[in-house]
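Residue-level structure breakdown
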Amino acid sequence: MYPETTPEALHTGVRMSDDVAAAEAARIIADAYKPAPETPTSYRDDSPLPAYGDTPPVMQPDRRIVPAWAAGTAVAGIGVGAAFVGVGCGVWLACQGFAAVSLTSVLFVTLPIAAVAGVFAAIGTALRSLKGVQTETHHHYRGPVRQENTTTKTYGLIARTRNEHHG
């Protein structure tokens, strides 16, 4: 249907006629501008999931990397630090007009505020840690249940996790 366009046929020295060249140019242009075929990029399976199956339920314990009291202490420390940056800037701006103000006098003003904030953060951390130290979770199953335990250990500068399965 189309004339031979392999490299060997093109270099034999035979030139195409104007009609053949125009047909070949029209074919190349039509191929370049034809739309791409419709290819699906995703698939959603809407079939209903079974209500139950043969796989037994598996206990999924709640294991957090950082204890809640440590995260609370960190957030309290960041808040206290941010507050003292603002208080320090305010004191610095207030002291700009006084030539006789020394570093010692500024420290005498700000250190008691820092001590009070530190005590409040410690009290809040202690109360939070007393509030929910031990929680119990009860699971009630019907039918045969198999319980398996997995121990996870993460260590190293570049975190490597090793899972040990105890069944």
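About the criteria used
- Residues numbered from 1 in each chain as written.
- Predicted model: local features only at pLDDT ≥ 70, side-chain atom pairs only at ≥ 80, totals over all residues.
- Heavy atoms only, no water.
- Helix = DSSP H or I, 4+ residues; strand = E, 2+ residues; numbered from the N terminus.
- Buried < 20%, exposed > 50% of the residue type's maximum accessible area, 1.4 Å probe, protein only.
- Contact = heavy atoms within 4.5 Å.
- Areas by Shrake-Rupley, 256 points an atom, 1.4 Å probe, with all protein chains shown as cover.
- Pairing = 2+ DSSP bridges.
- Salt bridge = Lys/Arg side-chain N within 4 Å of Asp/Glu carboxyl O.
- Polar contact = N/O pair within 3.5 Å; in protein donor to acceptor, adjacent residues only side chain to side chain.
- Patch = residues over 30% accessible without salt bridge, like charges linked within 9 Å, V, L, I, M, F, W, Y side chains within 5 Å.

1. Looking at the overall build of the chain
- From N to C terminus, the chain includes four helices and two strands.
- Each helix and strand of the chain, placed in order from N terminus to C terminus, yields the pattern α-α-α-α-β-β.
- Across the 167 residues that make up the chain, the buried fraction comes to 4%.
- Of the contacts formed within the chain by residues at least 6 apart in sequence, a portion of 38% connects residues at least 24 apart.
- Carbon and sulfur atoms make up 63% of the accessible area of the chain, which amounts to about 15,300 Å² in all.

2. Considerations on the pairing of strand 1 (residues 149-155)
- Judged from the seven bridges that link them, strand 1 and strand 2 (residues 160-166) form a sheet pairing that is antiparallel. Considered in strand 2, the bridge of Thr154 is made with Thr161.

3. Notes on the pattern of salt bridges
- All told, the structure shown has five salt bridges when counted by the stated rule.
- Between Lys153 and Glu164 there is a salt bridge, with its nearest N and O atoms 3.9 Å apart. A residue pair is termed long-range when its members are at least 10 positions apart, and Lys153 in strand 1 and Glu164 in strand 2 qualify at eleven residues.
- Residue Arg162 is joined to Glu164 by a salt bridge in which the shortest nitrogen-to-oxygen separation is 2.6 Å.
- Residue class for Arg162 comes out partly exposed when judged on its relative accessible area of 39%.
- In this structure, a network of salt bridges that share partners links the residues Glu24, Arg27 and Asp31.

4. With respect to the side chain of Thr125
- Within the element layout of this structure, Thr125 appears in helix 4 (residues 103-131).
- With a relative accessible area of 16%, Thr125 lands in the buried category.
- Within the local environment of Thr125, its side chain forms a polar contact with the backbone oxygen of Ala121, the two atoms lying 2.8 Å apart.
- Ignoring sequence-local partners within four residues, the contact set of Thr125 consists of Trp69 and Thr73.

5. As for the environment of Gln147
- Along the chain, Gln147 falls in the loop between helix 4 and strand 1.
- What makes Gln147 exposed here is its relative accessible area of 54%.

6. Observations regarding the side chain of Thr110
- By the secondary structure assignment, Thr110 is in helix 4.
- Exposure remark for Thr110: the relative accessible area of 17% places this residue in the buried category.
- Discounting residues that sit within four places of it in the chain, Thr110 has contacts with Phe84 and Val91.

7. Re the environment of Trp69
- Note on placement: Trp69 falls in helix 3 (residues 68-95).
- It is 9.5 Å that separates the C-alpha atoms of Trp69 and Leu130, two residues lying 61 residues apart in sequence.
- Residues contacting Trp69, with those up to four places away along its chain left out, are Thr125 and Ser129.

8. Details of a nonpolar patch on the surface
- A contiguous nonpolar surface patch, about 640 Å² in accessible area, is contributed by Val116, Val119, Phe120, Ile123, Leu127 and Leu130.
- By relative accessible area, which is 56% here, Leu127 ends up exposed.

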